[in-house]
Amino acid sequence: MSLAVQPIDDSETINPEAVRRDFPIFSGSTQPRRFHYLDHAATTPKPSAVINSISDCYAQCYAPIHRGLYPMAEQATSNYEHARRTLQHFIGAASPDELVFTRSATEAINMVASGWLKPRLERGDVVWVSRMEHHSNYLPWQLVCQEQQAQLRFIELTEDGQLDLDGTPELFAERTKFIAITHVSNVLGTENPVATLCTTAREYGIPVLVDAAQSVSHIELDVAEMCCDFLAFSAHKMFGPTGIGLLYGRQERLAEMAPLQVGGGMVDSVGDGMEESRWAAIPARFEAGSPDMPGAVGFAAAADYLSSLGHERVHRHIVSLTRLAAQRLMRIDGIRLLPHAGLPASGIVSFTHHNMHPHDMAQIAGEAGVAIRAGHHCAQPLLRRLGLTATARASFSVYNDESDIDALIDAIISAQRVFCE
Ligand code: PLP
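Nothing here was measured: the structure is a model prediction, and the numbers come from that model.

Notes on the sheet that holds strand 11 (residues 335-337)
With antiparallel pairing, four strands are arranged side by side in an open sheet as 11-12-15-14. The open sheet has two free edges, formed respectively by strand 11 and strand 14 (373-375), since each of these has just one partner strand. Going across the sheet, the axis of each strand differs from the next one's by a mean of 30 degrees, ignoring polarity. Note that strand 12 (residues 348-353) and strand 15 (residues 391-395) share four bridges and pair antiparallel. Across the sheet, valine 349 pairs through a bridge with alanine 394, a residue of strand 15. Each of strand 11, strand 12, strand 14 and strand 15 is contacted by helix 11 (residues 358-367), which is oriented at about 160 degrees to strand 14, the strand it contacts most.

Considering the sheet that holds strand 5 (residues 176-182)
A sheet is described by the order of its strands in space; here seven strands give the open sequence 2-8-7-6-5-3-4, paired in mixed fashion. What marks the edges here is a single partner per strand, and that holds for strand 2 (99-102) and strand 4 (151-155). Neighbour-to-neighbour, the strand axes of this sheet turn through a mean angle of 20 degrees, independent of strand direction. Pairing of strand 5 with strand 6 (residues 208-211) involves four bridges; the strand directions are parallel. Bridge pairing links isoleucine 181 to valine 210 in strand 6. On top of the sheet, helix 4 (residues 105-117) reaches strand 2, strand 3 (126-130), strand 5, strand 6, strand 7 (230-234) and strand 8 (245-249); it is set at about 150 degrees to strand 7, its chief contact.

Regarding the confidence of the model for the protein
In this model, the protein carries a mean pLDDT of 94, and residues with pLDDT of at least 70 account for 96%. Taken as a whole, residues 1-9 scores under 50 in pLDDT and shows 19 contacts with residues more than four places along the chain or in a different chain.

Quick notes on the side chain of histidine 135
Inspection of the secondary structure puts histidine 135 in the loop between strand 3 and helix 5 (139-148). On the basis of relative accessibility, which here comes to 17%, the residue histidine 135 falls in the buried class. With near-sequence residues (within four places) excluded, histidine 135 lies in contact with Pro140, His376, Cys378, Ala379, Gln380 and Pro381.

A word on the pairing of strand 4
Where strand 3 lies against strand 4, five bridges are found, and the strand directions are parallel. Looking at the pairing, valine 127 lines up with leucine 152 of strand 4. Once the chain exits strand 3 it traverses helix 5 before rejoining the sheet at strand 4, and the crossover so formed is right-handed.

As for unusual backbone geometry
Glycine aside, a negative phi is what most residues show, and trans is what most peptide bonds show. Residue proline 283 is reached from isoleucine 282 by a cis peptide bond, and omega for that bond is 10 degrees. Unlike most non-glycine residues, histidine 66 shows phi in positive territory, near 65 degrees. With respect to the helices and strands, histidine 66 occurs in the loop between helix 2 (48-60) and helix 3 (71-91). Since its relative accessible area comes to 42%, histidine 66 is described here as partly exposed. Positive phi values are uncommon outside glycine, yet cysteine 227 reaches one of about 70 degrees. You can see cysteine 227 is positioned in the loop between helix 7 (223-226) and strand 7.

Here's the deal with the environment of valine 223
For valine 223, the position within the fold is in helix 7. Taking the C-alpha atoms as reference, valine 223 lies 8.8 Å from alanine 94; in sequence the two are 129 residues apart. With sequence-adjacent residues up to four places away left out, valine 223 is seen in contact with Ile91, Gly92, Ala93, Cys228, Leu231 and Tyr248.

What to know about the packing of aromatic side chains
Counted under the stated rule, the structure contains 19 aromatic pairs. Summarising the aromatic geometry, the rings of phenylalanine 172 and tyrosine 204 are spaced 5.1 Å apart at their centres and angled 10 degrees between planes, so their arrangement reads as stacked. Residue phenylalanine 172 is located in the loop between strand 4 and strand 5, and its partner tyrosine 204 is located in the loop between helix 6 (194-203) and strand 6; the two are separated by 32 residues in the primary sequence. Judged by relative accessible area, which is 22%, phenylalanine 172 ranks as partly exposed.

With respect to the packing of helix 3 against helix 9 (residues 293-309)
With their axes 8 Å apart at the nearest point, helix 3 and helix 9 run at an angle of 35 degrees to one another. Of the two elements, helix 3 crosses helix 9, and the hand of that crossing is left-handed. For the pair helix 3 and helix 9, the contacting residues are Ala76, Asn79, Tyr80, Ala83, Thr86, Leu87 and Phe90 in the first and Met293, Ala296, Val297, Phe299, Ala300, Ala303, Asp304, Leu306 and Ser307 in the second. Residues of the contact of helix 3 with helix 9, tallied by class, amount to 12 nonpolar, three polar and one charged.

Examining the pairing of strand 3
By the criterion of burial, strand 3 is predominantly enclosed, with five of the five residues buried. Neither face of strand 3 is open: one carries Val126, Trp128 and Ser130, the other Val127 and Val129, and all of them are buried. Where strand 3 meets strand 5, four bridges bridge the pair, whose relative direction is parallel. Residue pairing in the sheet places valine 126 in a bridge with threonine 176 of strand 5.

Describing the site of the ligand
Close to the ligand lie 13 residues, the nearest being Thr106, Asp211, Ser234, His236 and Lys237. A distance of 2.5 Å is found between an oxygen atom of the ligand and a side-chain nitrogen or oxygen belonging to threonine 106. In isolation the ligand exposes 390 Å². Once the protein is present, 87% of that is buried. Taken together, the residues of the shell around the ligand break down into two nonpolar, nine polar and two charged.

How each quantity is defined
Residues numbered from 1 in each chain as written. Predicted model: local features only at pLDDT ≥ 70, side-chain atom pairs only at ≥ 80, totals over all residues. Heavy atoms only, no water. Pairing = 2+ DSSP bridges. Helix = DSSP H or I, 4+ residues; strand = E, 2+ residues; numbered from the N terminus. Axes fitted to C-alpha atoms, helices over the stretch in contact; angles between N-to-C directions. Contact = heavy atoms within 4.5 Å. pLDDT = per-residue confidence, 0-100. Buried < 20%, exposed > 50% of the residue type's maximum accessible area, 1.4 Å probe, protein only. Right-handed = clockwise from strand over helix to strand, strands pointing away. Phe/Tyr/Trp six-rings, centres within 6.5 Å; stacked < 30°, edge-to-face > 60°. Left-handed = near helix turned anticlockwise from the far one by under 90°. Nonpolar A, V, L, I, M, F, W, Y, C, P; charged D, E, K, R; others polar. Near = heavy atom within 4 Å. Polar contact = N/O pair within 3.5 Å; in protein donor to acceptor, adjacent residues only side chain to side chain. Areas by Shrake-Rupley, 256 points an atom, 1.4 Å probe, with all protein chains shown as cover.

Here it is, written out as structure tokens:
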């Protein structure tokens, strides 16, 4: 396991076919025909490097971490902490102690809402989220505002699906206690100017949490440059295992945060009866219970894998494919793309059809071997504002190519024949 991984080759472009071979789920033995997976915004397939790193943990070095004194337990602990350092370098954090392993992005956000914000939030204070948040970066703030009788307010969107920062002059006002914002929208694909927002917020002393669930797979993250106080993402959306995520918190912010869960592993000394207990040092304080060591190792392997592909190249490939898909979808009669400032700037394109329900499009596409998503995408406040209840969404990754777009377009045209003729 190495901390700094070089790109596998120097060429400017990705070879999708070669990358696809890294993913056993696409091999002939498991799929009867070409499987056009376009649901990466929901979750990603796993490359052999990740699968093998996890199975190696169970087969070769599996023991309780942070406790056992025998060599295999020490090795398992070292592998877990090595994974933390790999991820520290992956996001440009100053110290491994700024990284807390969680079950998911959702859990990471809940930890901050309950453990950091709630004790500081007073009646009448304001918390801002954007209109485009996923429920996981919306409900924790809604709940905490309801509990503390604070206000939850939206940064609304412009006509073309961007944050309307000019229309939100009160964002940095005195009563603002916190801002939670997604880096990339899981519906619109909009990339938000998080570094600008966080830098200004810091000048006003307002902490910001960035939800990087949709950006981590194709945008190089640097928390120092971004100037965020907290950052959250899940491994499963970046080729890593399901069931593990990460909370980054600036050291001083984590020091102010109360643990969401208490129990084994997160405590130094436990008082009798009502006597106070003393929490362990950070980050163990926030990792109650038996940590998911194989998950952490797989998470780090996914980070190494992405780094080996090169973020720039991955991003360029995904954006150019998504733009092509958007251009071709637009040419289909009745299709409407969700607002974009021009063409998509990430790997996501969402669309509706004036005569077909998104679920019908997704079902016909699925039968044709094209996996897209339909529904509200856990973004009901956004869809309500757009006057919609559902959209269809195609989301691309590094091994997709034009044949996946051909299959998507053919599938939508077939659906049109079924539902519109
Ligand atoms: N934030 C965004 C923008 C997402 O798209 C998602 C999942 O789709 C989440 C948060 C929640 O991620 P998880 O379910 O892995 O906790």
